[in-house]
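# Survey of secondary and tertiary structure
Okay, here's what each chain looks like letter by letter:
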Amino acid sequence: MPTNILMPALSPTMEKGNLAKWLKKEGDTIKSGDIIAEIETDKATMEVEAVDEGILARIVVPEGTADVPVNEIIGVIAGEGEDAKSISAPAAGAAPAKTEAPKAEAPAPAAAAPAAAPAPAATAPAAVPAPAGGERPFASPLARRLAKEAGLDLAAIQGSGPHGRIVEKDVEAAKKGGAAKAAPGAAPAGATAAPKPAAAPLAAGPSDEAVKKLFAPGSYEEIPHDGMRKTIARRLTEAKQTIPHFYVTVDCELDALLKLRAELNAAAPEKDGKPAYKLSVNDMVIKALALALRAVPDANVSWTEGAMLKHKHADVGVAVSIPGGLITPIVRDACHKTLSQISNEMKDYAARAKARKLKPEEYQGGTTAVSNLGMFGVKDFAAVINPPHATILAVGAGEQRVVVKNGQPAVATVMSVTLSTDHRAVDGALGAELLQAFKGYIEKPMAMLV
């Protein structure tokens, strides 16, 4: 029986992707584990690994096709003994007799990227928790069919595929172990859950035509939005419309930190003729924020409608500017990493981010974030919270200012930082407490080394 290759979901939130390149052509033999295609999301390019064997009988979606919906048929594999030439491409939207989503694998880091301490979450994809309220479990089509035939509850099966996706072997393991049987009185397989109330639509701005009418014809060039820009626009609009932002600003003196940074960099051992690390102010800001969250654990949270998620680790996302937008790779458990580990990890992330080679687990999640525009001379600004975070720290430039010390004017290097908080989760007083802890580590940086 022919097997349809489906556009894979490279993350639980992915809806569409671009089929950038086929690495196999019609008539080629495919073995399980072969890399068959490259898929582009808004932030990364991923390699797709086959999970079935046979002959690539038909390429349904040609390479270069944009915005291919998840689970749409992109190709057909002929099984053993089948004539690949006699298999025709399925009609768009046709329900296949047998389908299997390919497995997405992140590409290897760019060769030019320096080695970095691996982030804990990058070693293996985390299992997706059992969904509540009738939400659909994250599973391949084949796993769904097998679970339905065996009377198994997908919500009780732990996935081992990419990003916790439930795949065939997980269902087979559940069948052998006698686990995940549907509970008595549970809705039968395929039953539709009661619909949730529709969310209120987000406010819409003026139409494209209304905007264009404000400018003379020929006075502008239309540049279509790419996937990254669309995603940024959607997420930030949702963030500002659904998260009640609250802002707290403090000034931090940097002279002690700059002196310690210079001493640490001067003491760096050499590796292959180069210093083993070169610390930046931003590396120390990341560490200070992580330690502040450890000191004020009530601020290390995420809001959900049912409960507050209080995190056990401080995972700090760092905004990195790349062509066409930005991405936020995450330094996992940053409070327990040395400054040199954070520095080298960020250099690796930045290099691979610009090449769009980050793995989804390297930029998804996190418990807070840092956005630093100080290198552009920006004095202060307020950043937009990136859910599921409840906070984000906007960092301005360090500049010499006149300050009062012991009743006398003095000159100090001062940096303004603004903490944006989700007021549902982090109240003003709690945000101020977090900033005071951060300021303490910045102004007495030796505490970051012990």
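Here we summarise the structure given alongside this text.

About the criteria used
Residues numbered from 1 in each chain as written. Predicted model: local features only at pLDDT ≥ 70, side-chain atom pairs only at ≥ 80, totals over all residues. Heavy atoms only, no water. Buried < 20%, exposed > 50% of the residue type's maximum accessible area, 1.4 Å probe, protein only. Helix = DSSP H or I, 4+ residues; strand = E, 2+ residues; numbered from the N terminus. Arc of directions from axis to C-beta. Axes fitted to C-alpha atoms, helices over the stretch in contact; angles between N-to-C directions. Parallel < 35°, antiparallel > 145°, perpendicular 65-115°, else oblique. Left-handed = near helix turned anticlockwise from the far one by under 90°. Contact = heavy atoms within 4.5 Å. Nonpolar A, V, L, I, M, F, W, Y, C, P; charged D, E, K, R; others polar. Salt bridge = Lys/Arg side-chain N within 4 Å of Asp/Glu carboxyl O. Phe/Tyr/Trp six-rings, centres within 6.5 Å; stacked < 30°, edge-to-face > 60°.

## Description of helix 2 (residues 168–177)
Buried within helix 2 are the following residues: D170, V171 and A174. Looking down the long axis of helix 2, one finds its buried residues gathered within 100 degrees of arc, a one-sided arrangement. Of the exposed residues in helix 2, the ones pointing more than 90 degrees away from its buried face are K169 and K176.

## Regarding the packing of helix 6 (residues 281–295) against helix 9 (residues 428–443)
Running from amino to carboxyl end, helix 6 crosses helix 9 at an angle of 135 degrees, the nearest separation of the two axes being 8 Å. On the basis of the axis angle, helix 6 is oblique to helix 9. As helix 6 packs across helix 9, the resulting crossing turns out to be right-handed. Residues M284, V285, A288, L289, L291, A292 and L293 of helix 6 pack against L434, A437, F438, Y441 and I442 of helix 9. Its residues placed into classes, the contact of helix 6 with helix 9 shows twelve nonpolar, no polar and no charged.

## Brief notes about the pattern of salt bridges
Summed over the entire model, instances satisfying the criterion amount to 16 salt bridges. Put simply, E172 and K175 hold a salt bridge, and the shortest N to O gap is 3.7 Å. Residue E172 and its partner K175 are located together in helix 2, separated by three residues, close to a single helical turn. One salt bridge connects E253 with K405, and the closest N-O pair in it is separated by 3.1 Å. Placement of the pair is E253 in strand 11 (residues 245–253) and K405 in strand 21 (residues 391–405), with a sequence separation of 152 residues. By sharing partners, the salt bridges in this structure join E209, K212 and E222 into a single network.

## Points about the packing of aromatic side chains
Tallied over the full model, the rule gives one aromatic pair. A ring pair is formed by F215 and Y220, whose centres lie 6.4 Å apart and whose planes are at 75 degrees; its orientation type is edge-to-face.

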